[in-house]
Amino acid sequence: MQLHVTVEDGEVRAMLGKLTGRMANPTPAMRVIGEVVRTSIERNFEAGGRPDKWPLSGRVKSEGGQTLTDKAILRRSFTVRAYPDRAEIGTNVKYAAIHQLGGVISAKNRPYLRFKIGDRFVSKKSVTIPARPFMMVQDDDWPKMTQALGKFFVDGTA
C-alpha cells in the first residue's frame, strides 16, 4: 500500500511573502505603539500619577488644582516619532527631566531662588523637587502594544 500526500502551499507562501514585506518596515505598527505610550502618559497626568500618586506640589497645596498641570504645557507637549525599529516618545520642555526624575534646583546667578506660592513670594537657596514619573509604560499598555504588532504583521493594518 502506498500513501501519497500533496501539500498545496501557495497560500502559505503568499502569506509568508506578505509577512516578510511587512517585517521590512513595521513603522506603522511602531507609530501605534508610540501612540499607546503617549496616551498612557496623558492618563498618568489625569490620574495625578500611576500606579502611585505623585506628591502634591506646593502650588496645589496652597491654591488647589493638579500637580504638574498648572498651564498644562508639559502635559500637552509629548510627541511621537516612529521608525522601523522603534517608537520615540518625548518632549522638548526643559523642566520635564527634573519632574520625571526629581532633584535639587539651586540658585546659581543670585543668592536665592525666588518664586510665588499662593499670594506671597518665597526665597530659598535650593528647592528639592520630588520625582513625579509621568513617562511610564503601565502594565495595561503591554497587551495593546502586542496587539498592535500582531495586527500589523497578520492583517497589515496598524
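Now for a quick tour of the structure. On a predicted model such as this, the values are computed, not experimentally measured, just so you know. (Residues numbered from 1 in each chain as written. Predicted model: local features only at pLDDT ≥ 70, side-chain atom pairs only at ≥ 80, totals over all residues. Heavy atoms only, no water.)

With respect to the pattern of salt bridges
Worth spelling out the cut-off: Just to be clear on terms, a salt bridge is a Lys or Arg side-chain nitrogen sitting within 4 Å of an Asp or Glu carboxyl oxygen. Only DSSP runs of H or I with at least four residues qualify as helices, and only runs of E with at least two residues qualify as strands; both kinds are numbered from the N terminus onward. Note on exposure labels: buried denotes an accessible area under 20% of the residue type's maximum, exposed denotes more than 50%, and partly exposed covers the range between, all computed with a 1.4 Å probe on protein chains only.
On inspection of all chains with the given rule, the structure shows 7 salt bridges. A salt bridge links Arg43 to Asp140, with the shortest nitrogen-to-oxygen separation between them at 3.4 Å. Of this pair, Arg43 sits in helix α2 (residues 27-47) while Asp140 is found in the loop between β6 (126-129) and α5 (142-155), placing the two residues 97 residues apart along the sequence. Under the relative-accessibility criterion, Asp140 is labelled partly exposed at 36%. The residue Asp85 makes a salt bridge to Arg86 at a minimum N-O spacing of 2.8 Å.

Some words on the nonpolar core
One broad rule of soluble globular proteins: the nonpolar side chains tend to lie buried together. Note the cut-off: As used here, the term nonpolar core means buried Ala, Val, Leu, Ile, Met, Phe, Trp, Tyr and Cys residues forming a set that is joined through side-chain atoms within 4.5 Å.
Ile41, Phe45, Leu74, Phe78 and Phe134 are the most contacted members of the largest nonpolar core, which has 17 residues in total. For this core, the secondary structure elements donating two or more residues are α2 and α5. At 6 residues, the largest contribution of residues to this core is made by α2.

Comments concerning the packing of α2 against α5
A pair of packed helices is characterised by two quantities: the angle between their axes and the separation of those axes. Here is the rule we go by: The convention used is that axes are lines fitted to C-alpha atoms, helices contributing only their stretch in contact, and that angles between N-to-C directions extend from 0 to 180 degrees. In what follows, roughly perpendicular refers to angles from 65 to 115 degrees, roughly parallel to angles under 35, roughly antiparallel to angles over 145, and oblique to any angle outside these ranges. The sense of a crossing depends on the near helix, which, turned anticlockwise from the far helix by less than a right angle, makes the crossing left-handed and, turned clockwise, makes it right-handed. Working rule for contacts: check all heavy atoms of both residues, and any pair within 4.5 Å makes them a contact. Each residue receives one of three labels: charged for Asp, Glu, Lys and Arg, nonpolar for Ala, Val, Leu, Ile, Met, Phe, Trp, Tyr, Cys and Pro, and polar for the others, Gly being one of them.
At a minimum axis distance of 9 Å, the contact between α2 and α5 shows a crossing angle of 160°. Judged by the inter-axis angle, α2 sits roughly antiparallel to α5. Every pair of crossing elements has a handedness; the one defined by α2 and α5 is right-handed. Contacts from Pro28, Ala29, Met30, Val32, Ile33, Val36, Val37 and Arg43 in α2 reach Lys144, Met145, Ala148, Leu149 and Phe152 in α5. Tallied by class, residues from the contact of α2 with α5 come to 11 nonpolar, no polar and 2 charged.

Thoughts on the pairing of strand β5 (residues 120-124)
Under the convention used in this document: Note on pairing: DSSP must find at least two bridges between two strands before they are called paired.
Bridge analysis of strand β4 (residues 113-117) against β5 gives 5 bridges, and the strand direction is antiparallel. Bridged to Phe115 within β5 is Val122. In this structure, the hairpin formed by β4 and β5 is closed by a connection of 2 residues, where Gly118 is found at a positive phi of approximately 65°.

Focus: unusual backbone geometry
With an omega dihedral of -5°, the bond running from Arg50 to Pro51 counts as a cis peptide bond. Along the polypeptide, Pro51 turns up in the loop between α2 and α3 (58-63). Positive phi values are uncommon outside glycine, yet Leu68 reaches one of about 65°. Within the fold, Leu68 resides in the loop between α3 and β1 (79-83). We note that Ala72 has phi near 65°; this positive angle belongs to a residue other than glycine.

So, to be careful, I would describe these as geometric facts and stop short of saying anything about function.
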